[in-house]
Amino acid sequence: MNWYAIKAIYKFEMARTRRTLLQSIVAPVISTSLYFVVFGAAIGGRIQEVEGVSYGAFIVPGLIMLSLLTNSISNASFGIYFPKFSGTIYELLSAPVSMFEAVLGYVGAAASKSLILGTIILATSALFVPLQIAHPFVMILFLLLTCITFSLFGFIIGIWADNFEKLQLIPMLIVTPLVFLGGSFYSASMLSPFWQTVTLFNPVLYLISGFRWSFYELADVSIAVSLGMILMFLLACIGTVWWIFKTGYHIKK
Amino acid sequence: MQDTIVSIRNLSKTYAGGFKALKQVNLDIRRGEIIALLGPNGAGKTTLISTICGLVNPSEGQVLVDGFDIIRDFRKTRSLIGLVPQELTTDAFESVLSTVTFSRGLFGKAPDPAHIEAVLRDLSLWEKRNNKIITLSGGMKRRLLIAKALSHEPRVLFLDEPTAGVDVELRKDMWALVRRLRDSGVTIILTTHYIEEAEEIADRIGIITRGELLLVEDKSELMRKLGKKQLIMDLLQPLADIPDTLAHYTLALSADGLQLTHTYDSQGADADITALLDDLRRVGIHFKDIRTTQSSLEEIFVKLVEEAR
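Residues numbered from 1 in each chain as written. Chains lettered and ligands numbered in written order. Predicted model: local features only at pLDDT ≥ 70, side-chain atom pairs only at ≥ 80, totals over all residues.

A.B. asks: How should I be thinking about the overall build of chain B in this particular structure?
C.D. replies: Of the regular secondary structure elements, chain B holds 10 helices and 14 strands. Taken over C-alpha atoms, the radius of gyration comes to 25 Å for chain B, far larger than the 19 Å a tight globule of 309 residues would show. By its C-alpha atoms, chain B is 80 × 45 × 40 Å across when sized along the principal axes. Going through the 309 residues of chain B one by one, you find that 36% of them count as buried. (Helix = DSSP H or I, 4+ residues; strand = E, 2+ residues; numbered from the N terminus. Rg over C-alpha atoms; globule rule 2.2 N^0.38 Å. Buried ≥ 20, exposed ≤ 12 C-beta atoms within 10 Å, placed from the backbone.)

A.B. asks: Mind showing me how you'd approach the overall build of chain A here?
C.D. replies: Secondary structure summary: chain A contains 11 helices and zero strands in total. Sequence-ordered secondary structure for chain A, helices as α and strands as β, is α-α-α-α-α-α-α-α-α-α-α. Against the compact-globule benchmark of 18 Å for 253 residues, chain A has a radius of gyration of 19 Å, which places it among compact chains. Taken along its principal axes, the extent of the C-alpha atoms in chain A is 60 × 35 × 35 Å. The buried share of chain A, taken over its 253 residues, is 46%. A sequence separation of at least 24 residues applies to 81% of the contacts in chain A between residues at least 6 apart. (Contact = placed C-beta atoms within 7 Å.)

A.B. asks: Would you take a moment to explain the confidence of the model for chain A for this structure?
C.D. replies: A low pLDDT score tells you not to read the predicted coordinates there in detail. Confidence in the prediction of chain A, expressed as mean pLDDT, is 85, and 99% of residues score 70 or more. Least confident of the elements in chain A is helix α2 (residues 21-43) of chain A, whose mean pLDDT is 78; most confident is helix α7 (residues 136-160) of chain A, at 91. (pLDDT = per-residue confidence, 0-100.)

A.B. asks: Honestly, the sheet that holds strand β10 (residues 212-218) of chain B in this entry has me stumped. Any pointers?
C.D. replies: Note on sheets: strands pair through backbone hydrogen bonds, and any given pair is parallel or antiparallel. Residues and elements named next belong to chain B. Taken together, the six strands give an open sheet; going across it, the order is β6-β7-β8-β3-β9-β10, and neighbouring strands pair in mixed fashion. Strands at the two margins of the open sheet, each flanked by one partner only, are β6 (81-84) and β10. On average, each strand axis in the sheet is inclined to that of its neighbour by 15°, with strand direction left out of account. With five bridges connecting them, strand β3 (residues 34-38) and strand β8 (residues 187-192) associate as parallel partners. Residue L37 lies in a different strand from β8, and its bridge partner there is T191. On top of the sheet, helix α1 (residues 45-53) reaches β3, β6, β7 (156-160), β8 and β9 (204-209); it is set at about 145° to β7, its chief contact. Here helix α5 (residues 138-150) sits on the sheet in contact with β6 and β7, set at roughly 165° to β6. (Pairing = 2+ DSSP bridges. Axes fitted to C-alpha atoms, helices over the stretch in contact; angles between N-to-C directions.)

A.B. asks: How should I be thinking about the interface of chain B and chain A in this particular structure?
C.D. replies: If you look at the interface, chain B gives 27 residues, while chain A gives 21 residues. For the side of chain B that touches chain A, the elements supplying multiple residues, two or more each, are α2 (74-80), β6 and α3 (96-106) of chain B. When the residues that make up the side of chain B that touches chain A are grouped by side-chain class, the tally is 13 nonpolar, eight polar and six charged. (Nonpolar A, V, L, I, M, F, W, Y, C, P; charged D, E, K, R; others polar.)

A.B. asks: Would you mind showing me how to read α1 of chain B here?
C.D. replies: The periodicity of an α-helix, 3.6 residues per turn, causes residues three or four places apart in sequence to face the same way. Residue and element names in this part refer to chain B. In terms of burial, α1 is a largely internal element, nine of the nine residues being buried. Along α1, the positions that sit buried rather than exposed are K45, T46, T47, L48, I49, S50, T51, I52 and C53. Trailing α1 by a residue or two, G54 shows a phi angle of about 100°, which is positive.

A.B. asks: Can you walk me through the environment of N163 of chain A in this structure?
C.D. replies: Here N163 of chain A shows up in the loop between α7 and α8 (164-180). Expressed as a C-alpha distance, the spacing of N163 of chain A and V29 of chain A, which sit 134 residues apart in the sequence, is 28 Å.

A.B. asks: Explain the pairing of β10 of chain B to me, please; I cannot follow it from the model alone.
C.D. replies: Residues in a regular strand point their side chains to alternate faces of the sheet. Residues and elements named next belong to chain B. Where β9 meets β10, six bridges bridge the pair, whose relative direction is antiparallel. Bridge assignment links I208 to a residue of β10, and that residue is L213. Where β9 hands over to β10, the hairpin turn is made up of two residues, of which R210 adopts a positive phi near 50°.

A.B. asks: Which parts of the structure should I look at to understand the environment of D162 of chain A?
C.D. replies: Residue and element names in this part refer to chain A. The topology assignment puts D162 in the loop between α7 and α8. What makes D162 exposed here is the crowd of 12 C-beta atoms within 10 Å. Along the chain, D162 and H250 lie 88 residues apart, while their C-alpha atoms are 8.3 Å from each other.

A.B. asks: Looking at this structure, I do not really get unusual backbone geometry. What am I missing?
C.D. replies: Peptide bonds are mostly trans, and most non-glycine residues show a negative phi. Residue and element names in this part refer to chain B. With a phi angle near 50°, Q24 is a residue other than glycine that sits in the positive phi range. Judged by the 14 C-beta atoms lying within 10 Å of it, Q24 falls in the partly exposed class. If you check the backbone angles, R210 has positive phi at about 50° while not being a glycine. Among the residues examined, R210 registers 17 C-beta atoms within 10 Å and is labelled partly exposed.

A.B. asks: I keep staring at the sheet that holds strand β12 (residues 251-253) of chain B and nothing clicks. Help me out?
C.D. replies: Residue and element names in this part refer to chain B. An order of β12-β13-β11-β14 is seen for the four strands of this open sheet, with the pairing classed as antiparallel. Edge strands, defined here as strands with exactly one partner in the open sheet, are β12 and β14 (287-294). Averaged over all pairs of adjacent strands, the angle between their axes in this sheet comes to 20°, without regard to strand direction.

A.B. asks: Please explain the pairing of β14 of chain B as it appears in this structure.
C.D. replies: Residue and element names in this part refer to chain B. Among the eight residues that make up β14, zero are buried, leaving the element largely open to the surroundings. Looking at chain direction, strand β11 (residues 228-235) and β14 are connected through seven bridges and run antiparallel. Looking at the pairing, M233 lines up with I290 of β14.

A.B. asks: Teacher, can you tell me more about the packing of α3 of chain B against helix α4 (residues 113-122) of chain B here?
C.D. replies: If you want to describe how two helices pack, look at the angle between their axes and the distance between the axes. Residues and elements named next belong to chain B. One way to put it is that α3 packs onto α4 with a least axis distance of 11 Å and a crossing angle of 125°. What the angle tells us is that α3 and α4 run oblique. In this structure, the crossing between α3 and α4 has a hand that is right-handed. The segment α3 lies against α4, with V96, V100, T101 and R104 engaging I116, V119 and L120. (Parallel < 35°, antiparallel > 145°, perpendicular 65-115°, else oblique. Left-handed = near helix turned anticlockwise from the far one by under 90°.)

Right, dumping it as C-alpha cells:
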C-alpha cells in the first residue's frame, strides 16, 4: 500500500479547500442559513408543527443532506476531473499508485470536506432552531455513509465527464431535484397517496427519512430500509469504480 | 554486453480508432546513457514514452525496467522512472515547494526536505519556492516539471520534447542539466524533433517514424556510417571539363570552373583521397585551397525518413 501517495493526494485536496474557503465552506453555510431564514422563520412561522416538531427544526436534516449530497459530488468530481482537464493527471498515472489508493485519497478528502461542512451546518442550524438528536450514533453513521457514497458517486461523474457542462449535468439536473422532491422540506405523509407512492421511487427520500429519524424518530420509511438503500447505492458505486479501474474507462488510452 | 536498464520487446499500440501508433518496437536502453528518439510529429515517440511510463496501455509486447515488468511490477518500475511531459501541465495555484513535495509523496517516498531543496537549488528554483506556479515564466515551469520528476530520485528519466518552445540560452542550460543528470547516474531518454539537440547531447540515437523504430545507433557511428563526406577543392585555374581519366571519381565542377567537389562514402572504396590527389596532379590540376565537409545528422535523418516513406 502506497500510504505516502494516499496522504499526498489527501493533503493536496484538503489544501485546495483551504485555498477556496469561501467557495467550499462559507458559501454552503450562507445558503443553508438563508434556507433557515426563508423556510424556517418567514414561511415556517405560518406552518404548523410537523408531527410534533417545529417546521424550522423539521427541515434541518433535509438541509444538511442537501448540502452533503451536492458538496460530496462536486468536491469529488472536481477533484478528479480537473487533473484530467489540465493534463496534470499524467503524474498520477505514471506514479506507483493503484487506482484503489487514488480513490482513497480523492474520495477520502471529498468525504472529509463534506463531513466538516455537515458538522458546521448542524452547528449553524442550532443557532436558528432548538435541535434534538435522539440517536447520535445513527446520525453519525448516516453522515459518514452519505459523505462516502456520494463522494464515490462524484468521483464516477468526474471520470465520466469530458467537459465542464457534463460535470454539472447530474448534480444540477438530477441530484438537486431529487433532494428537493425527497422530503427535505416536507414529510411524505403530507402528500396525496398517489404522490406518496411516486416519492418512494426517489432514492434520496430514504436518506433524508433515515437521517431525520436519527434526530426526531420521525420517518417516512423504516430506518432499516433507509440503511439498506444507502448501502445498496454504496455497493453500486464501489462496483462502478471497480469497473472503471479494470477497464481504464476515460482514464487510460 | 552492456548493462540494459530498459528492455522493450515487440511493443505495439493500436488505439481504439484503429490507428497503429507503435509497430513491434524493440529497443534496449543502456544504463547511464542519453538516448534521443528522433522522429517527425506523429511518429510514435510520445506513445512509446507514455506506454513505458504507464499512461497508455500497450496492445502487445513487453517492457522491462531494471528487470521488472511495467504491468506486473508497476509499483517497482514506476518508482524507478521520472517523466517530464511535453506540455507545461501544472497546478497553477500551487506553490513550487508544495507541488514538488506532493510529487515525492505520490511516488511513495518519505518526506525529505533536504533532497527537495537540493533539487530546487540545482534547477535555480529555490528562490521561487513559495511562488505560485502561475507566476513563473515558461522556462521556469519547464524546470519545475523536471524538479517534480526528480523529486523521488528516479534512475530513468524520460524527457518528452524538453526544449520545445524554449529559447536558445535556456536550451543550452537544459542540455547542461541533462549532462549533469547523466553524470550522476541517471539514464536519460529524450524525444525531440530538434536534430541539433540529439546531435549535441545524445550518446545514441533512435529514429522512429510511423510507429516503427528505423534504427538505433551510437551517434558517432551513425554519422560515420551514414554520413556522406565531401572534399572541396578551390582551383588555381578554371577548368573547362573534368578529364575522362578522372571519370571513376564522383566529381562535380562548379559553373565557373573554379571549384571541384568530390563526394564519397567515408567507408567506401572511393574514400582513398591520396589516390585522387595524385591523379589530379598527374593531369595538371592544381588547387589553392582544400577542405572537407560531412553531412549533418539532420541530412541523415531526412534521408532515412524519406526512404521509409
